[in-house]
Structures are given as structure tokens and as C-alpha cells.
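Summary of the model geometry
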Amino acid sequence: MIECIELTKRYGEKTAVNSLNLMIEDGKITVLIGPSGCGKSTTIRMLNRLIEPDEGDILYNGKHIRDYQPEALRRSIGYVIQNTGLFPHWTVEENICTVPRLLGWDKEKQKKRAEEMLTLVGLKPETYSHKYPAQLSGGEAQRVGVARALAADPPVILMDEPFGATDPITRARLQTEFLEIQKKLKKTVVFVTHDMEEAISLADSIAIMESGKLIMHKKTEEILTEEENPFIRDFIGTDSSIKRLARYSIKEIAKKHTEDKNQYPVIEETATIKDALALLLKSGTEKLRIKTAEGKTAGTISLADIRELAKNNAN
Ligand SMILES: Nc1ncnc2c1ncn2[C@@H]1O[C@H](COP(=O)(O)OP(=O)(O)OP(=O)(O)O)[C@@H](O)[C@H]1O
């Protein structure tokens, strides 16, 4: 558990983070979201002591962050940023082993770890270990950034818009892959984004910030019913559209796909869109398989399908 207590950071006249109280649960993805300049990055950087707060405390498992040895913090907290921050003159393997090397691991152990991490993020070690960052695509570089953050097996991972610089298709793929990794590793993740769709796809809970303050922190499925909230309204389309969606049965927007649907969780065709939304968020899968009363597959439904319906129903 990470606890931020009355955390405050000022830059001259500007209060970047203002008396922030935030609980970050172990093994879950907590997303910090809010408009540009609201204090998300400042908050995340205080969590790994890149920035020192002016006031307030951060407790890791009940102990003050400043009472940890710097090396212990480095080992327990992985950090992924936009545009990766990979060192350009180091190979992929050297980049991934940044922290293990600082921790004095022997060469063989480092090499093995780099191979494991590359495999985990879907890159073949024999192809990628010896490449340099400039020889990677944006998506590959972000995968290496994630591999590097995970290399010393830290329980906590801080991710500051990690997929922000990639195109929408690569981004969606990186999100799905990251959720798969998280299912296996169950890290305590703090993830910064200003994209509500990304937040809803990834988060166990969403903390909304505005002008340095935390204005709401709730479980993802609860936050979706906050129709008055401007971020939610922006994502869903209009204030009362979630209520309107409840009128539809999913049968009406079932997509007939030819792909193999057996991999997806099942939902009855008589369920409402709201039920489907809740199951999509809970299961973390991209789609659901819609089942008829006779047990046949009637198609699939995805978060994107629901969003499209909501947009079309706005006003
Ligand atoms: N080193 C600094 N010196 C002065 N002001 C700063 C500094 N770093 C951040 N700020 C200010 O503090 C506020 C919060 O910045 P921060 O980077 O935390 O916001 P953010 O929510 O992460 O924004 P973005 O989504 O654009 O990255 C902003 O008004 C910013 O201009």
C-alpha cells in the first residue's frame, strides 16, 4: 500500500500538487487522470523521490519514503515514461539491465534476465538484445521501456503516459499486452494518462485530478456512473447517456465477427449494455461473446462498440 498524505508541491507561486490524499492499493492499477498541468507527473515523481514534496508524507507499507535507502527504493520502484528515456548508446540488453547492473548482478544473470523480460513483452531476444534504441519502432521502444522497468522485479511500477507517443493501433496493442503482463505479475501500478479511454481500459481504480487536487478516486466501474463528471461525460458522450444505454439489449449491437470467439467471456443476449460494460471492465478483456438462449454465439461486443452507441445516442 502506498499512501499520500496531504502531499503538496509548489513551484514559486504555482501549487502543482495541493494537499493530495491518495491511497494506492497493492497489486492493482491505479490511474491518475486529468487535464494537462493538473499535477499528475509531479505526483508520480514524488512517489520515487525524483521530486521532494514541500509538505506532506508518502508512506510505503507504513514506512516513510524518506526512511528507505535510495538503493532499496530504486529496486522496489520501476519507472516508465513517454518516449521511453532509453539510453541511446546502450543496446536493448544494456538498457534493460540498468538497475540489475547498479545492483551488482553478475553478467550471466543480467543477460538471462534481459532475455526473460524481452520474451515477456513480446520481443524475440535473439533479434532485439543487441539493437540500439534508434533501430526500434515506437511500439518496440515502449516495450523495452516496460521490460527495463520490470527487470529488477520491483513490486511497484510508475508509468507516466508510457504509451502516449504511439499511434492508436500500437497503443491499443501495448495496453492489451500490458494487461496480460499485469495478470501474471500483479504489480502495484500507478499509471498517468489524460486519455479516459485508456484509463477505463486499464484501471482498477481511477483518480481524477484537477488543478493540483484530487477530485475523485473510485473503482472504474463506479466512476462510469458519475455522469455529472466532465471527464466521464466527455468519454461517454452526454450526461444521461449511460442511463439511456441501459434500455438497449446487447443483441441490438452484436457484431458478427468471423474470428474465434471462444477466448472471450460469455454474456447472455438478453443482458443490457450496462451489464456488458460492467463485465468488460471486470474481466479486462477486449470483447465479450454474446450467447443466445439456445447457447449459440450471436456475435461479440466491445468497449468501442458501446462507446459508438453512446456517441450516436448523445442528445
Ligand atoms: N520544474 C517546474 N518548474 C516550474 N513549474 C513546474 C515545474 N514542473 C511542473 N510545473 C508546473 O506544475 C504544474 C503541474 O505540472 P505536471 O507536469 O505535474 O502536470 P501534468 O498533469 O503531468 O501535465 P501533462 O499532462 O501536461 O504532463 C503545471 O502548471 C506545470 O507548469
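Use the structure listed above.
About the criteria used
- Residues numbered from 1 in each chain as written.
- Predicted model: local features only at pLDDT ≥ 70, side-chain atom pairs only at ≥ 80, totals over all residues.
- Heavy atoms only, no water.
- Pairing = 2+ DSSP bridges.
- Helix = DSSP H or I, 4+ residues; strand = E, 2+ residues; numbered from the N terminus.
- Near = heavy atom within 4 Å.
- Polar contact = N/O pair within 3.5 Å; in protein donor to acceptor, adjacent residues only side chain to side chain.
- Nonpolar A, V, L, I, M, F, W, Y, C, P; charged D, E, K, R; others polar.
- Core = buried A, V, L, I, M, F, W, Y, C linked by side-chain atoms within 4.5 Å.
- Buried < 20%, exposed > 50% of the residue type's maximum accessible area, 1.4 Å probe, protein only.
- Contact = heavy atoms within 4.5 Å.
- Salt bridge = Lys/Arg side-chain N within 4 Å of Asp/Glu carboxyl O.
- Axes fitted to C-alpha atoms, helices over the stretch in contact; angles between N-to-C directions.
- Parallel < 35°, antiparallel > 145°, perpendicular 65-115°, else oblique.
- Left-handed = near helix turned anticlockwise from the far one by under 90°.

Section: the sheet that holds strand β2 (residues 14-24)
- In spatial order, the strands read β2-β1-β4-β5; together these 4 strands make up an open sheet with antiparallel pairing. Sheet topology places β2 and β5 (63-64) at the edges, where each strand pairs with a single neighbour.
- With 2 bridges joining them, strand β4 (residues 55-60) and β5 adopt antiparallel strand pairing. What sits directly across from Y60, in β5, is K63.

Comments concerning the site of the ligand
- If you check the shell around the ligand, you find Y11, K14, A16, P35, S36, G37, C38, G39, K40, S41, T42 and E161 and nothing else.
- Between G37 and the ligand, the recorded distance is 2.7 Å, taken from a backbone N or O atom to an oxygen atom.
- Within the backbone of S41, one N or O atom sits 2.8 Å away from an oxygen atom of the ligand.
- Those elements that provide at least two residues to the shell around the ligand are β2 and α1 (40-47).
- For the shell around the ligand, the element with the most residues is α1, which contributes 3 residues.
- Partitioned by chemical class, the residues of the shell around the ligand number 4 nonpolar, 5 polar and 3 charged.

A short note on the nonpolar core
- The biggest cluster of nonpolar side chains holds 56 residues, and the ones touching the most others in it are I96, V144, M159, F191, I206, I250 and I301.
- With 6 residues, helix α7 (residues 138-150) is the largest single contributor of residues to this core.
- The residues contacting I301, other than those within four sequence positions of it, are I250, I253, I273, A276, L280, E286, K287, L288, I290 and I306.
- One finds I2, Y60, I77 and V156 within the second-largest nonpolar core, a separate group that totals 25 residues.

Looking at the side chain of T43
- Here T43 is to be found in helix α1.
- For T43, the residues in contact, after removing those within four places along its chain, are V17, L20, L32 and M209.

As for the pattern of salt bridges
- This structure, assessed with the given rule, holds 12 salt bridges.
- Measuring nitrogen to oxygen at the nearest pair gives 2.7 Å for the salt bridge that ties R10 to E55. A residue pair is termed long-range when its members are at least 10 positions apart, and R10 in strand β1 (residues 2-11) and E55 in strand β4 qualify at 45 residues.
- For R10, a relative accessible area of 36% puts it in the partly exposed group.
- By relative accessible area, E55 is classed as partly exposed at 39%.
- Between R49 and E52 there is a salt bridge, with the nearest N and O atoms lying 2.9 Å from each other.
- Residue E52 is classed as partly exposed on the basis of its relative accessible area of 39%.

Quick look at the packing of helix α5 (residues 107-120) against α7
- As a packed pair, α5 and α7 sit with axes 9 Å apart at the nearest point and diverge in direction by 130 degrees. By the angle between their directions, the pair α5 and α7 is classed as oblique. Once α5 is placed against α7, the crossing between them reads as right-handed. Across the interface between the two elements, R113, M117, L118 and L120 of α5 pack against V144, A147 and L150 of α7.
- Taken together, the residues of the contact of α5 with α7 break down into 6 nonpolar, no polar and 1 charged.

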